[in-house]
Each structure stands twice: as C-alpha cells, then as structure tokens.
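Fold and contact review
Each chain, written out:
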Amino acid sequence: MYKSTGFISFLLRRVTGIALVLYLFTHMWVIGSANSGADVFDSRLNFFQSTAFKFAEIALLAAVIYHGFDGIRLLIVHYFNVTEYRKSLFYAIFAASVLLVIAGGIPILLFALEG
Amino acid sequence: MVTATIRIQRFNPDVDKKPHIGEFHLEPDQDTTILDALQMSKSQQDGSVTFRRSCRHAICGSCAMNVNGSNMLVCNKPLAAVLDKNRRVTIRPLPYLPIIKDLVVDRSSFWEQYQRVKPWLIPPGDLPEKEFRVSPEEVEALNNAETCIMCGACYSACQVIGMTKQYIGPHALLKAFLRVVDPRDTEPGERLANLSGSDGVYRCHTIFNCIDACPKDLNPTQAIETLRKLAQKRRALDDARNERQKYIEEPVSTG
Amino acid sequence: MRIFLMQRISAIALLFFMTIHMIVVHYPPFHIDFSRILERMDQPIWKAIDIAFLFFVLMHALTGVYMVITDVERFGTFKRALAVLAVVIGIVAFVYGTMTVMAFQAPTTASAFVP
Ligand code: FES
C-alpha cells in the first residue's frame, strides 16, 4: 500500500462516491413513494426524519461537499498545468470542505436538536 | 558514527511462506548511501541478502526500492537522509509487484506494457541526408521525458497498477507522450488511438504518486493530461505533424 | 474515452445542479411533507430542473460505479455486460425518477390542498 496525499484523496473520492451512489438509489426509492400518493409519501418520509437520520445527514453533506470539491480539484488539474501544486491544492480543497461542512452542519444540528 | 538499524524485508521463495523483516546493525559513514548499507549487510553479515543494482550512480534504473514507504533509487540517496530519529530505516521491494526474492521483484508486466506503446520513434519514410532539425521550444515541450531511466518507481507507486496490471502505466504513458509530441514521429494519431482505450490514459485517476516517486523529477501525470487533451483532436494533430515534417530538415529560425 | 467525457460533463453539470439542490431545496432544513414540496414542484421550471438533475446524477453515478468496478482486474472481463447493465439501470431509474417528479401534482380532488 503506497501512502501519500494523492492516495488519501483517491480513497476519500472512492468511498464518498460509492456511499453517494448507494444513497442516491435509496433517496430515489424514498421520494418515489410520491408515485403512490401524498399519504404514503408523508408516512415514509416521517420515518426518515427522526433525529438519528438527521445526524446521518451531516455525514451525507460531508460526502457531497468533499466529493464535489475533489471534482473541482481534478477539473483544475485537467485543464491547467498545476501538478506542481498538487499537495497545496489538496489541502486547500480539504480545508474548504471542512469549513463548508461546519457551516452547513450547524443548521442541521440545530434543527435536529430542536425537534 | 553511531549504529544504524537497517530493516530489510526478506523473502526466500524456497523456505518462506510470507515475507518477514530482517534487521541489520551497521556503522555507516557520513556518505554511506542506502545501497552501500545494503551492500555492507550482504558482505559483512548475511550473504543471502538479495537486491538488484548495477551502475551505482542513478542511471541504470535497477535499484528502485521502497524505502520508508516511498519509492526511490537507493544508490543516490544518503542513508542519513532516510534514518528516523531512532536511526532506523525500512527497505522493502517495490510494492504491487510479485516478489522473486528479498528486494527483487518481477517486472515483466512493466516491460510488457512498455512494449505495448511502441516506445521507439517512427521516423518519416525518407530520412534526411544530414539530420532532423528541431526547435528549442519543441524540445522544451518534451518536458525532459527522454531522461526516464525505466526504474519502475512510478509504475509500482501507482494504485491503479495495484488494482489492475492491464493498465498501461505511467512509465509507458510518459514514453508514449514523448513520441507523440516529438516532431519527428509520423504516427501520433495512431498512437493516441491506441492510448485512448479503457486501459490507457483514461484509466489514470490522477493520484500523483508517479510524480512523487520519480527519482528524475519527471511528470507522468502532466504527460497523461496532455495525452488526454491531444486524444480528442487526433486528426488535427496528424495534419499539423504532416505540415511540420515538410521542413524538418531545414534549420529552424531562432526568432 | 466516452466514459471519461461523460463523467466530466456530468460532473460540471452537477456542480451547478447540486449547488441549487442543496441551497434551494435543503437549506435551511425543514420538516418535509408532500404539501411543502408541492409549493415548489408545482412550477414547471422546477420539474424541468429536477429531471435534468436526475439525468446527470444517474450518468455520473453509473459511469463512476462502472469505473470503480472495471478498475479491478478480475472484473475487467465483464466490461461489456457491465456497460449494458449500467445502461439498463440508467433507463429504468430515469423513467422511475421522472414519474416521481411528475407525481408532485396538486390532487384533482381539490379538498386537502386548497389553501
Ligand atoms: S544502481 Fe543503477 S540506478 Fe541505482
């Protein structure tokens, strides 16, 4: 196993990517209950809006944000000659992701705690 | 100087089931290289320690190994630079490749993939009487790729190689890049067509390990990015190359 | 090459759609029920946006999973079958998702949702 920042970014990209695919199909199934009418929709969604799921949503948010920023990083590498700055680029997007997860996580946390 | 501990990953296929670590205690000088340390272990303590080396000055590419988790040439690296604070260093064979014995790995997939990209130059049919003339800018664009010594450090640092040996690999893609951008080569379009299959440039996941590992400071990742871009305009590249080769024998104006 | 391009195109599209989705749809967090969603989904423009979003998200997810699987040497031999499977899953999921988007319709029995 060859460890490097590149490997960490790759691993995180893959793990968040696979997690998001699994989430996507669950998400489609949950929202898909709208096909069977408003009542089914409301009852199924109620189940997924318990406090535990709201905490899980923070993890979801983190996955989305990291995967997105990593994508931006890759696009930058594809279209500009910046391989020299590969490490700083990774640290920068990682820091940006953390900040954004905190900023986005606080409202979710507050909402989860108040009800 | 104080004692240094050299931890070498040992594996003898005749007796061992799994690789294990062997420790050697040496008294290195200030200018002992890692390779010297290996050689000292072999000659003074255990003659069965097996590793590859030839030139001892970083040009043959036989001595690439994994030292403290990073791939490097051991012949041009001072031992002092890799010792940790307990004065220890761990030397393993190149990762992701089958081990033959101790630090010697089987590099056949490396060479097979290399053959696959036709690493040689395909010159125009009628060779110039005297020489090809190439401008300094065109040489600049090669990004020193011609100085690759085929040591395999990048190849075995690549996580994609860890998953599939079908991938062409950074070493061969760098060589392909060298040929594709070389103004003397006649078949850049066809080369690119062969590189854009599912085992080629699009299998690279931009992990950057190849740059980190390269002992010659080359940039396989940027080469792959360039090939990706060129692969999307093969026709235009072929035409431009044909145009260029019409005056390949004439002196280039230097502005 | 096709897969690579599909991934990058959908990635760029997703940067745009995902931002909209996160900010407009999920921020600030609220308790989801059918009538609440309907306020937004009643407008045809949102239906169009969500269908486009669905299209790109499926493209990105399926090409991503395809790359993850074919990266492993052992599965490389099933490339063709995997590609066909991905297309089938994509079409089924797209149709199902589009039906879901369309299902957000004010009920014709006009009693419950008239303000
Ligand atoms: S021995 Fe030749 S490169 Fe190290």
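In short, a report on the structure. (Residues numbered from 1 in each chain as written. Chains lettered and ligands numbered in written order. Predicted model: local features only at pLDDT ≥ 70, side-chain atom pairs only at ≥ 80, totals over all residues. Heavy atoms only, no water.)

1. Considering the pattern of salt bridges
Residues and elements named next belong to chain A. This is how the line gets drawn: Salt bridges are counted wherever a side-chain nitrogen of Lys or Arg sits within 4 Å of a carboxyl oxygen of Asp or Glu. By the criteria applied, helices consist of DSSP H or I runs no shorter than four residues and strands consist of E runs no shorter than two, each listed in order from the N terminus. Working definition: with a 1.4 Å probe on protein chains only, accessible area under 20% of the residue-type maximum means buried, over 50% means exposed, and in between means partly exposed.
Under the criterion given, the structure shown has 17 salt bridges over all chains. A salt bridge links R73 to D70, with the shortest nitrogen-to-oxygen separation between them at 3.0 Å. Placement of both R73 and D70 in helix α3 (residues 51-79) is noted, with a separation of three residues, approximately one turn of the helix. Taken individually, R73 and D70 each receive the classification buried, so the pair is uniform in this respect.

2. Thoughts on the pairing of strand β4 (residues 70-73) of chain B
Two faces, one strand: in a regular strand the side chains alternate between the faces of the sheet. All names here are of chain B. Heads up, the rule is: Strand pairing follows a simple DSSP-based rule, namely that at least 2 bridges must link the two strands.
One ladder, built from four bridges, connects strand β3 (residues 64-67) with β4; its direction is antiparallel. Within β4, the position partnered with N66 by the bridge is N71. Taking the residues that link successive antiparallel strands as the turn, the β3-β4 hairpin has two residues, and the phi of N68 there is positive, at about 50 degrees.

3. Topic: the interface of chain C and chain A
In many reports, interface size means the accessible area that the parts give up when they come together. Our working definition: By definition, residues are in contact when any of their heavy atoms lie within 4.5 Å. Two N or O atoms form a polar contact when they lie within 3.5 Å of each other; inside protein one atom must be a possible hydrogen donor and the other a possible acceptor, and for residues adjacent in sequence the pair counts only when both atoms belong to side chains. Under the convention adopted here, Pro, Cys and the residues Ala, Val, Leu, Ile, Met, Phe, Trp and Tyr are nonpolar, Asp, Glu, Lys and Arg are charged, and Gly plus all remaining residues are polar.
Listed as interface residues are 34 residues of chain C and, on the opposing side, 30 residues of chain A. Scanning the region where chain C abuts chain A turns up one salt bridge. A salt bridge links R14 of chain A to D71 of chain C; the nearest nitrogen and oxygen atoms lie 2.7 Å apart. Between chain C and chain A we count four residue pairs in polar contact (both at pLDDT 80 or more) in total. Contributing elements (two or more residues each) for the side of chain C that touches chain A: α1 (2-26), α2 (34-41), α3 (44-70) and α4 (79-103) of chain C. At nine residues, the largest contribution of residues to the side of chain C that touches chain A is made by α3 of chain C. Looking at the side of chain C that touches chain A residue by residue, the class counts come to 26 nonpolar, five polar and three charged.

4. Considerations on the sheet that holds β3 of chain B
Residue and element names in this part refer to chain B. The cut-off we apply is this: Whenever a helix is involved, its axis is fitted only over the stretch in contact; in every case the axis is a line through C-alpha atoms, and angles between N-to-C directions fall within 0 to 180 degrees.
The mixed open sheet is built from five strands, whose spatial order is β2-β1-β5-β3-β4. Each edge of the open sheet carries a strand with a single partner, namely β2 (20-26) and β4. Across the sheet, the mean angle separating the axes of adjacent strands is 35 degrees when strand polarity is ignored. Note: β3 against strand β5 (residues 88-92), two bridges, orientation antiparallel. Bridge pairing in β5 places V67 opposite I91. On top of the sheet, helix α1 (residues 34-45) reaches β1 (4-10), β2, β3, β4 and β5; it is set at about 90 degrees to β2, its chief contact.

5. Concerning the packing of helix α1 (residues 5-31) of chain A against helix α4 (residues 86-114) of chain A
Residue and element names in this part refer to chain A. What counts is decided by this rule: Angle categories are assigned with fixed cut-offs, so that under 35 degrees is roughly parallel, over 145 is roughly antiparallel, 65 to 115 is roughly perpendicular, and the rest are oblique. Crossings are sorted by hand: turned counterclockwise from the far helix by less than a right angle, the near helix makes the crossing left-handed, and turned clockwise it makes it right-handed.
Two numbers describe how α1 lies on α4: the axes approach to 10 Å, and their chain directions differ by 40 degrees. Here α4 runs oblique to α1, going by the angle between their axes. Pair α1 / α4 crosses with left-handed handedness. On α4, the residues touching T5, I8, S9 and L12 of α1 are K87, F90, Y91 and F94. Counted by class, the contact of α1 with α4 contains five nonpolar, two polar and one charged residues.

6. Focus: the nonpolar core
All names here are of chain B. Definition in use: Put simply, a nonpolar core is a bunch of buried Ala, Val, Leu, Ile, Met, Phe, Trp, Tyr and Cys residues held in one set by side-chain atoms that sit within 4.5 Å of each other.
With 74 residues, the main nonpolar core has I6, L38, L79 and I91 as its most contacted residues. It is helix α6 (residues 170-181) that provides the largest number of residues to this core, a total of eight residues. In this structure, I91 is in contact with I6, R7, I8, Q9, I34, L38, M65, N66, V67 and L103, ignoring residues within four places of it in sequence.

7. Quick notes on the interface of chain B and chain C
Threshold: The term buried area refers to how much accessible surface (probe radius 1.4 Å) is lost by two components on association, counted for both of them together.
Facing 12 residues of chain B, the contacting portion of chain C comprises nine residues. Summed over the three residues of chain B that lose the most area to chain C, namely M163, Y202 and R203 of chain B, the buried surface amounts to 47% of that side. The interface formed by chain B and chain C holds one salt bridge in total. Of the charged contacts in the structure, one is a salt bridge between R203 of chain B and D71 of chain C, with a shortest N-O distance of 2.7 Å. The interface formed by chain B and chain C includes seven residue pairs in polar contact (both at pLDDT 80 or more). For the side of chain B that touches chain C, the residue count by class is three nonpolar, six polar and three charged.

8. Here we look at helix α7 (residues 188-195) of chain B
Residues and elements named next belong to chain B. Worth spelling out the cut-off: An arc is given here, and it is the one of the directions from the helix axis to the C-beta atoms.
By the burial criterion, the buried members of α7 are P188, G189, R191, L192 and L195. Seen end-on, α7 carries its buried residues on one side only, within an arc spanning 160 degrees. The inward-facing, buried residues of α7 contact α6, α9 (220-231) and α10 (234-245).

9. Structural notes on unusual backbone geometry
Most peptide bonds adopt trans geometry, and most residues besides glycine take a negative phi value. The phi dihedral of N143 of chain B falls on the positive side, at around 60 degrees, and the residue is not glycine. The topology assignment puts N143 of chain B in the loop between α3 (136-141) and α4 (153-157).

10. Considering the layout of surface pockets
Residue and element names in this part refer to chain C. Filter applied, for reference: A pocket here means an open set of points on a 1 Å grid, computed over the protein atoms alone, that has protein on both sides within 12 Å along at least five of seven lines. A cavity is instead a set of points where a 1.4 Å probe fits but cannot get out; residues with an atom within 4 Å of a point line either one. Grid points are joined across faces, edges and corners, and a volume is the space filled by probe spheres set on the points.
Within this model, the second largest pocket holds a volume of roughly 790 Å³. Lining of the second largest pocket is provided by 25 residues; of these, R2, I3, M6, Y66 and A83 occupy positions nearest its centre. Looking at the lining of the second largest pocket, the elements with two or more residues in it are α1, α3 and α4. By residue number, the principal contributor to the lining of the second largest pocket is α4, which donates eight residues. For the lining of the second largest pocket, the per-class residue count stands at 16 nonpolar, five polar and four charged.

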